[in-house]
Amino acid sequence: IPVNLPFQTAGKLGDTYVWDITNAKLISLKDKNVELLHTQGFDYLPMMQAFRAPTDNDKGFGNWLAKDWLQHKLDSPKVENATLKYATRADGALIVETNHKYRYAQGNILLDIRYIVHANGVMDMICTMQPQGNLPELPRLGISIPVAAQFNRMSWLGLGPFDSYPDIVTGK
(Lines give C-alpha, C1' and ligand atoms only; values in the text may rest on other atoms or scores of the structure.)
Protein backbone atom coordinates (compact mmCIF):
# COMPACT_ATOMS: atom_id res chain seq x y z
CA ILE A 1 0.00 0.00 0.00
CA PRO A 2 1.72 3.21 -1.12
CA VAL A 3 2.16 6.22 1.13
CA ASN A 4 2.20 9.53 -0.73
CA LEU A 5 2.37 12.55 1.61
CA PRO A 6 0.29 14.62 2.20
CA PHE A 7 -2.08 11.87 1.12
CA GLN A 8 -2.54 8.29 2.23
CA THR A 9 -3.78 6.07 -0.57
CA ALA A 10 -4.88 2.46 -0.50
CA GLY A 11 -6.48 0.40 -3.17
CA LYS A 12 -6.70 -2.63 -5.43
CA LEU A 13 -8.14 -3.26 -8.90
CA GLY A 14 -9.56 0.23 -9.47
CA ASP A 15 -10.73 0.67 -5.88
CA THR A 16 -8.97 3.58 -4.16
CA TYR A 17 -9.29 5.31 -0.80
CA VAL A 18 -7.51 8.64 -0.35
CA TRP A 19 -7.11 10.72 2.82
CA ASP A 20 -5.67 14.20 3.18
CA ILE A 21 -3.28 13.60 6.07
CA THR A 22 -3.01 17.31 6.91
CA ASN A 23 -6.77 17.73 7.45
CA ALA A 24 -7.66 14.14 8.44
CA LYS A 25 -10.25 14.16 5.65
CA LEU A 26 -11.37 11.34 3.37
CA ILE A 27 -11.11 13.02 -0.06
CA SER A 28 -11.71 10.21 -2.52
CA LEU A 29 -13.42 6.83 -2.48
CA LYS A 30 -13.48 5.00 -5.82
CA ASP A 31 -15.04 1.71 -6.79
CA LYS A 32 -13.79 0.39 -10.15
CA ASN A 33 -12.40 3.89 -10.88
CA VAL A 34 -15.80 5.57 -10.29
CA GLU A 35 -15.76 8.33 -7.65
CA LEU A 36 -18.38 7.70 -4.97
CA LEU A 37 -17.96 10.85 -2.86
CA HIS A 38 -19.14 14.41 -3.37
CA THR A 39 -16.43 16.39 -1.57
CA GLN A 40 -16.80 19.96 -2.88
CA GLY A 41 -17.89 22.40 -0.20
CA PHE A 42 -17.31 20.03 2.71
CA ASP A 43 -14.52 20.72 5.20
CA TYR A 44 -14.56 17.21 6.66
CA LEU A 45 -15.73 13.84 5.42
CA PRO A 46 -17.37 11.95 6.83
CA MET A 47 -19.26 14.56 8.83
CA MET A 48 -20.63 13.95 12.30
CA GLN A 49 -24.14 15.29 12.85
CA ALA A 50 -25.80 15.98 16.18
CA PHE A 51 -28.62 18.15 14.84
CA ARG A 52 -31.81 17.75 12.86
CA ALA A 53 -34.47 20.26 11.94
CA PRO A 54 -36.96 20.59 14.81
CA THR A 55 -40.30 18.87 14.27
CA ASP A 56 -43.67 20.11 15.50
CA ASN A 57 -43.27 17.88 18.56
CA ASP A 58 -39.89 19.47 19.34
CA LYS A 59 -41.43 22.93 19.08
CA GLY A 60 -44.24 21.96 21.43
CA PHE A 61 -43.84 21.43 25.16
CA GLY A 62 -42.89 25.11 25.62
CA ASN A 63 -40.50 25.02 22.63
CA TRP A 64 -37.64 24.05 24.95
CA LEU A 65 -36.03 21.34 22.77
CA ALA A 66 -35.74 23.45 19.63
CA LYS A 67 -34.55 26.47 21.67
CA ASP A 68 -31.92 24.40 23.51
CA TRP A 69 -30.55 22.99 20.27
CA LEU A 70 -30.15 26.42 18.70
CA GLN A 71 -28.80 28.05 21.89
CA HIS A 72 -26.13 25.36 22.13
CA LYS A 73 -25.37 25.83 18.41
CA LEU A 74 -25.90 22.16 17.54
CA ASP A 75 -26.59 23.34 13.99
CA SER A 76 -23.17 25.01 13.55
CA PRO A 77 -20.29 23.25 15.31
CA LYS A 78 -16.67 24.33 14.99
CA VAL A 79 -14.43 21.40 14.07
CA GLU A 80 -11.03 21.39 15.76
CA ASN A 81 -8.01 19.20 16.42
CA ALA A 82 -8.21 17.03 13.31
CA THR A 83 -5.51 14.37 13.46
CA LEU A 84 -4.73 11.31 11.39
CA LYS A 85 -2.53 8.28 12.07
CA TYR A 86 -2.01 5.27 9.84
CA ALA A 87 -0.21 1.96 9.81
CA THR A 88 -0.16 -1.24 7.80
CA ARG A 89 -0.93 -4.50 9.59
CA ALA A 90 0.98 -7.73 8.98
CA ASP A 91 -1.97 -9.09 6.97
CA GLY A 92 -1.70 -6.15 4.53
CA ALA A 93 -4.66 -4.18 5.86
CA LEU A 94 -4.27 -0.41 6.12
CA ILE A 95 -5.47 1.10 9.40
CA VAL A 96 -6.31 4.82 9.32
CA GLU A 97 -7.46 6.56 12.51
CA THR A 98 -8.86 10.10 12.51
CA ASN A 99 -9.88 12.26 15.46
CA HIS A 100 -12.02 15.41 15.35
CA LYS A 101 -13.47 17.63 18.06
CA TYR A 102 -16.86 19.19 17.30
CA ARG A 103 -17.13 22.26 19.55
CA TYR A 104 -20.53 23.64 20.53
CA ALA A 105 -21.54 26.60 22.76
CA GLN A 106 -21.03 24.71 26.05
CA GLY A 107 -19.62 21.33 25.15
CA ASN A 108 -17.90 19.09 22.64
CA ILE A 109 -18.37 15.82 20.88
CA LEU A 110 -15.23 13.87 20.10
CA LEU A 111 -15.42 11.82 16.91
CA ASP A 112 -12.93 9.00 16.42
CA ILE A 113 -13.06 7.04 13.17
CA ARG A 114 -11.06 3.89 12.53
CA TYR A 115 -10.92 2.78 8.89
CA ILE A 116 -9.69 -0.70 8.05
CA VAL A 117 -8.90 -1.20 4.37
CA HIS A 118 -8.44 -4.94 3.99
CA ALA A 119 -6.05 -6.44 1.44
CA ASN A 120 -9.04 -7.49 -0.71
CA GLY A 121 -10.16 -3.82 -1.00
CA VAL A 122 -13.09 -3.97 1.45
CA MET A 123 -13.21 -1.01 3.84
CA ASP A 124 -14.70 -1.11 7.33
CA MET A 125 -15.43 2.13 9.20
CA ILE A 126 -15.87 2.17 13.00
CA CYS A 127 -17.08 5.45 14.54
CA THR A 128 -17.02 6.40 18.20
CA MET A 129 -18.65 9.61 19.47
CA GLN A 130 -18.07 10.89 22.99
CA PRO A 131 -20.14 13.86 24.25
CA GLN A 132 -18.39 16.15 26.75
CA GLY A 133 -19.45 19.16 28.78
CA ASN A 134 -22.88 20.75 29.00
CA LEU A 135 -24.88 19.63 25.97
CA PRO A 136 -28.67 19.59 25.61
CA GLU A 137 -30.62 16.43 24.91
CA LEU A 138 -29.15 15.38 21.57
CA PRO A 139 -31.67 14.98 18.74
CA ARG A 140 -29.46 12.46 16.96
CA LEU A 141 -25.89 11.32 16.52
CA GLY A 142 -24.84 10.11 13.13
CA ILE A 143 -22.42 10.25 10.25
CA SER A 144 -23.13 11.86 6.90
CA ILE A 145 -21.21 10.94 3.75
CA PRO A 146 -22.34 12.89 0.65
CA VAL A 147 -22.33 10.74 -2.48
CA ALA A 148 -21.49 11.85 -6.01
CA ALA A 149 -24.31 13.35 -8.11
CA GLN A 150 -24.51 10.43 -10.55
CA PHE A 151 -25.93 8.30 -7.74
CA ASN A 152 -29.38 9.86 -7.97
CA ARG A 153 -31.58 6.75 -7.87
CA MET A 154 -32.19 5.54 -4.35
CA SER A 155 -34.51 3.04 -2.70
CA TRP A 156 -35.93 3.60 0.77
CA LEU A 157 -35.64 0.44 2.81
CA GLY A 158 -36.93 1.73 6.13
CA LEU A 159 -40.37 2.41 7.55
CA GLY A 160 -40.47 5.85 5.86
CA PRO A 161 -40.69 7.51 3.46
CA PHE A 162 -40.32 10.20 6.17
CA ASP A 163 -38.73 10.27 9.63
CA SER A 164 -40.64 8.06 12.00
CA TYR A 165 -40.58 6.87 15.58
CA PRO A 166 -39.24 3.41 16.54
CA ASP A 167 -42.72 2.35 17.69
CA ILE A 168 -44.47 3.21 14.41
CA VAL A 169 -45.49 -0.42 13.81
CA THR A 170 -47.06 -0.77 17.27
CA GLY A 171 -49.74 1.92 16.75
CA LYS A 172 -53.33 0.99 16.04
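Residues numbered from 1 in each chain as written. Predicted model: local features only at pLDDT ≥ 70, side-chain atom pairs only at ≥ 80, totals over all residues. Heavy atoms only, no water.

Thoughts on the sheet that holds strand β9 (residues 107-117)
Inclusion rule: Following DSSP output, two strands are said to pair if at least two bridges run between them. Numbering of helices and strands runs from the N terminus, with a helix taken as a DSSP run of H or I at least four residues long and a strand as a DSSP run of E at least two residues long. To obtain each axis, a line is fitted to C-alpha atoms, and for helices this fit is confined to the stretch in contact; angles are then taken between N-to-C directions over 0 to 180 degrees.
Spatial strand order, β7-β8-β9-β10: four strands in an open sheet with antiparallel pairing. Of all the strands in the sheet, the pair left with one neighbour each is β7 (78-88) and β10 (123-133). Neighbour-to-neighbour, the strand axes of the sheet open up by a mean angle of 15 degrees, direction not taken into account. One ladder, built from 10 bridges, connects strand β8 (residues 94-103) with β9; its direction is antiparallel. The residue bridging Tyr102 from the neighbouring strand is Ile109, located in β9.

Thoughts on the layout of surface pockets
In plain terms, the rule: Any residue with an atom within 4 Å of a point lines the site, the site being either a cavity, points on a 1 Å grid over the protein atoms alone where a 1.4 Å probe fits but cannot get out, or a pocket, an open set with protein on both sides within 12 Å along at least 5 of 7 lines. Grid points are joined across faces, edges and corners, and a volume is the space filled by probe spheres set on the points. Gly counts as polar in this scheme, as do all residues outside two lists: the nonpolar Ala, Val, Leu, Ile, Met, Phe, Trp, Tyr, Cys and Pro, and the charged Asp, Glu, Lys and Arg.
Roughly 310 Å³ of volume is contained in the largest pocket. In this structure, the largest pocket is lined by 16 residues; those nearest its centre are Met47, Met48, Gln49, Pro77 and Tyr102. Among the elements that make up the lining of the largest pocket, the one with the highest residue count is strand β6 (residues 47-49) (three residues). Among the residues making up the lining of the largest pocket, the classes are represented as 11 nonpolar, two polar and three charged.

Quick notes on the pairing of β9
Keep this limit in mind: For each residue, the accessible area found with a 1.4 Å probe, counting protein chains only, is set against the maximum for its type, and the residue is called buried under 20%, exposed over 50%, and partly exposed in between.
Counting buried positions along β9 gives eight out of 11 residues, so the element sits mostly inside the fold. Taking the residues that link successive antiparallel strands as the turn, the β8-β9 hairpin has three residues. Both β9 and β10 contribute to a ladder of 11 bridges, which runs antiparallel. By the bridge assignment, Val117 is partnered in β10 with Met123. Hairpin connection between β9 and β10: a loop of five residues separates the two successive antiparallel strands, and Gly121 in this loop has a positive phi of roughly 95 degrees.

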